[in-house]
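Tertiary structure, described
Here are the chains, one letter per residue:
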Amino acid sequence: MMSKTEFNTICILGLGYIGLPTAVGFANAGKKVIGVDINEQVVASLNQGKIHIIEPDLQAAFTQAVENDHFFATRTAEAADAFIIAVPTPLLEKQPDLSYIKNAALAIAPYLRKGNLVVLESTSPVGTTEKLAEWLSQARPDLIFPADVHIAYCPERVLPGRIMTELVENNRIIGGLTSECSQQAVDLYQIFAKGNCITTQARTAEMCKLVENSFRDVNIAFANELSMICDELDISVWELIELANQHPRVNILQPSAGVGGHCIAVDPWFIVSQSPKLSRLIRTAREVNDAKPQWVLEKLKALVADCVIEKDCKPSELTIACFGLAFKPDIDDLRESPALAITQQIAQWHKGKVLAIEPNIQMLSLENVTLVDTDTAMAQADIIVLLVDHTPFKQIPVEHVQQKHLLDCRGVWLR
Ligand code: SAJ
C-alpha cells in the first residue's frame, strides 16, 4: 500500500476557464497555489484581485483565495509538489496544436524534483500524455519519467456556467502512465473533489474526453438534421421530438441554430484527425452542425422575401430582430457563437435595420446591429429570428409575439 502523497504547493499552468477555477479549488482547500499564465494582462488583473473570465461564483471564491494568501499569479513557473497543465490545444486547420502543452512542459521542467506529480488537463489527442513524458525526459535527463516524476492525464468535464459546482461534484477520469501515477493524481484531486475519481490508462482517459463531446455533437447533429428534414416535410420538429421521446429508449436532443462553444464543435476533430478513415459518423455530424447556421440564414432570406411581398415594401424598409447572441442559453459568452455569426451575416446582407436582443450583455459593437431591449424589438421588428432560448425569452407569452414572420430556431414561441 502506497503512502498518501502530501501536496502543499500546487503550480497550475494556464489560468483560463479550467485552470483558474481549479486553482481556486485547491487554494480554498488550504493549499498554496502558484498560478502561471503567459499573458501579462491576465497575471496583472489576477494579482489585483480581479478575474478576467465570466463564470458564476468564481469571483467570490477567487477573492477568498487571494485574501487568505493562498494564490498568486506569475508568468514563470516555480517549484511545487504538483503541476497541473491546463493550457489550450487549439485546432489549426482541423489538427490539434500541441505547442502550448509542449511549452508548458518546458516551462516546468527546470523546477521538477523527484516525487513530483505532473497532470495534464488540456483536451488532447490520444498519446499526448506519453509525448509529455518524452518532452520532460528530454529536458531533464537526470530524472526518470514516470518513475521519479509521476505523470497522469485528467480531463476537465465541467459545463461553462456551472463550473464551480461541477468542478467539485463531477466524477473524474484519471489516467496515469502507471498505476502509481493514477493513485497520486487521485490523492491530488481528492483534496477538493467530491465526485468519484475513476482510474484508467492515460490513452483511455484522453479518448474519454474526446468521446464525451463527440457523443453530444453527434446527437445534436441528429436533432439538427431532423429539424431540416421536418421543415421540408412541413412537420413541427419540436412536437415530433417530444413524441418520439415518449419511447422509453429514445432521447433526442434539441435542434438549434448551430453548435457553438469551445469544446463540442472542436474536440470531435481531434478524433477525426487521428483516425480519418474510421471516423465517418463523427466527421459528418460536425459537418451537419457546422452547416446549420447557413441553413438558418437561407430560411431568413426566404422569410424576408415573403414579408416584402406581403407588406408590398422594399427589403430596406424591413426591420429584423435577432433574439439571442450567446453560444447557448443563459450565459453571456459570445465567443464561437453561431447566433452571433448568423446575426453578423444578416447585418451584412440586409439593407434595412437589424436589432439584437441579448439580455446577458450591456454593450455590443457589431456593424449595422443595434442592441435593444425586448419591448423595443417587439414593437419595431417586422421579422423575428429566435436564435437562443434565454430564460427571459421563454417567459414572454407567445400571444405577445405579434410578428407573423418568425423563425424560431429553439422552439420557444410555438403557435
Ligand atoms: N446544443 C444544442 N442542442 C442541445 C444541446 C446543446 O444545439 O440539445 C448546443 C448549445 O446551444 C451550444 C452547444 O451545443 O451551442 C454546446 O453546448 P453544451 O451545453 O452542450 O456544452 P458546452 O460546450 O457548454 O460544454 C461541453 C460539456 N460536454 C458535454 O456535455 C459532453 C461539458 O461537460 C464539457 O466540460 C465542455 O463541453 C468542455 O469543456 O469540453
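Residues numbered from 1 in each chain as written. Predicted model: local features only at pLDDT ≥ 70, side-chain atom pairs only at ≥ 80, totals over all residues. Heavy atoms only, no water.

Next up on the list: the domain arrangement of the protein. Each assigned domain of the protein is listed with its residue range as follows: domain 1 (9-195) and domain 2 (214-408). For domain 1 and domain 2, the distance between their C-alpha centres works out to 35 Å. The partner domain 2 presents 10 residues to the 13 residues of domain 1 that form the contact. With both sides pooled, the region where domain 1 packs onto domain 2 buries about 1100 Å², and carbon together with sulfur makes up 65% of that total. Its largest share of buried area at the contact with domain 2, domain 1 owes to Leu-91, Lys-94 and Pro-160, together 38% of the area lost on that side. (Domains from an automatic or database assignment. Contact = heavy atoms within 4.5 Å. Buried area = accessible area lost by both parts, 1.4 Å probe.)

Right, let's talk about the nonpolar core for a bit. If you look at the biggest cluster of nonpolar residues, it comprises 41 residues, and the most contacted ones within it are Phe-26, Leu-46, Phe-71, Leu-188 and Tyr-189. No other element matches the five residues that helix H1 (residues 19-27) contributes to this core. If you look at the next biggest cluster of nonpolar residues, it comprises 33 residues, including Val-296, Ile-342, Ile-361 and Val-388. (Core = buried A, V, L, I, M, F, W, Y, C linked by side-chain atoms within 4.5 Å. Buried < 20%, exposed > 50% of the residue type's maximum accessible area, 1.4 Å probe, protein only. Helix = DSSP H or I, 4+ residues; strand = E, 2+ residues; numbered from the N terminus.)

Packing of H1 against helix H3 (residues 58-67) brings their axes to within 9 Å, and their N-to-C directions diverge by 45°. Comparing their axes, H3 and H1 come out oblique. Pair H1 / H3 crosses with left-handed handedness. Listed contacts from H3 to Leu-20, Pro-21, Val-24 and Ala-27 of H1 are Leu-58, Ala-61, Phe-62 and Ala-65. (Axes fitted to C-alpha atoms, helices over the stretch in contact; angles between N-to-C directions. Parallel < 35°, antiparallel > 145°, perpendicular 65-115°, else oblique. Left-handed = near helix turned anticlockwise from the far one by under 90°.)

Near the ligand there are 22 residues, and of these Val-158, Lys-209, Arg-216, Ser-256 and Phe-327 occur at the shortest range. Gln-254 places a polar main-chain atom, nitrogen or oxygen, 2.8 Å from a nitrogen atom of the ligand. Contact between the ligand and Phe-327: an oxygen atom at 2.6 Å from a main-chain N or O atom of the residue. Relative to its unbound accessible area of 770 Å², the ligand is 89% covered by the protein chains. With five residues, the top contributor of residues to the shell around the ligand is helix H8 (residues 202-233). Among the residues forming the shell around the ligand, the class breakdown is nine nonpolar, five polar and eight charged. Both domain 1 (9-195) and domain 2 (214-408) contribute no fewer than three residues apiece to the shell around the ligand. (Near = heavy atom within 4 Å. Polar contact = N/O pair within 3.5 Å; in protein donor to acceptor, adjacent residues only side chain to side chain. Areas by Shrake-Rupley, 256 points an atom, 1.4 Å probe, with all protein chains shown as cover. Nonpolar A, V, L, I, M, F, W, Y, C, P; charged D, E, K, R; others polar.)

Turning our eyes to something else, we now look at the packing of aromatic side chains. A complete count under the given rule lists five aromatic pairs for this structure. Here Phe-62 and Phe-71 contribute two aromatic rings whose centre-to-centre distance is 5.3 Å and whose plane-to-plane angle is 70°, an arrangement assigned as edge-to-face. Ring centres of Phe-323 and Phe-393 lie 5.0 Å apart, and the angle between their planes is 75°; this geometry places the pair in the edge-to-face category. Of this pair, Phe-323 sits in strand S11 (residues 320-323) while Phe-393 sits in helix H14 (residues 391-394), and the two are 70 residues apart along the sequence. There is no split in this pair, since Phe-323 and Phe-393 are both buried. By way of ring pairs, the aromatic residues Phe-26, Tyr-189 and Phe-192 are connected into one cluster. (Phe/Tyr/Trp six-rings, centres within 6.5 Å; stacked < 30°, edge-to-face > 60°.)

Moving on to a nonpolar patch on the surface. There is a patch of nonpolar side chains on the surface, built from Ile-229, Leu-233, Ile-235 and Leu-240 and spanning about 330 Å² of accessible area. Relative to the elements of secondary structure, Ile-235 occurs in the loop between H8 and helix H9 (237-244). Note on Ile-235: relative accessible area 43%, which makes it partly exposed. (Patch = residues over 30% accessible without salt bridge, like charges linked within 9 Å, V, L, I, M, F, W, Y side chains within 5 Å. Salt bridge = Lys/Arg side-chain N within 4 Å of Asp/Glu carboxyl O.)

What follows concerns the packing of helix H11 (residues 280-311) against helix H12 (residues 338-349). A packed helix pair is summarised by two numbers, namely the angle formed by the two axes and the spacing between the axes. As a packed pair, H11 and H12 sit with axes 10 Å apart at the nearest point and diverge in direction by 40°. Put simply, H11 runs oblique to H12. Crossing geometry of H11 relative to H12 is assigned as right-handed. Residue-level contacts link Pro-293, Gln-294, Val-296, Leu-297, Leu-300, Lys-301 and Val-304 of H11 to Pro-338, Ile-342, Gln-345, Ile-346 and Trp-349 of H12. Counted by class, the contact of H11 with H12 contains nine nonpolar, two polar and one charged residues.

This next bit is on the side chain of His-405. Tracing the chain through its elements places His-405 in strand S15 (residues 405-408). If we skip the residues at most four places from it in the chain, His-405 touches Leu-303, Asp-306, Cys-307, Glu-310, Asp-382, Ile-383 and Ile-384.

Moving on, we get to the side chain of Lys-209. If you trace the backbone, Lys-209 turns up in helix H8. For Lys-209, a relative accessible area of 4% corresponds to the buried category. Beyond its immediate sequence surroundings of up to four residues, Lys-209 is in contact with Thr-123, Tyr-153, Pro-155, Glu-156, Arg-157 and Asp-267.

A few words on the sheet that holds strand S4 (residues 82-85). Sheet architecture is open: eight strands sit in the order S3-S2-S1-S4-S7-S8-S9-S10, paired in mixed fashion. In the strand order of this sheet, the two ends are held by strand S3 (71-74) and strand S10 (197-201), each with one partner. In this sheet, neighbouring strand axes are inclined to one another by 25° on average, regardless of whether the strands run parallel or antiparallel. Bridge analysis of strand S1 (residues 9-13) against strand S2 (residues 32-36) gives five bridges, and the strand direction is parallel. Looking at S2, one finds that Cys-11 is bridged to Ile-34. Those strands touched by helix H5 (residues 128-139) are S4, strand S7 (117-120) and strand S8 (150-153), and its axis lies near 150° from that of S8. (Pairing = 2+ DSSP bridges.)

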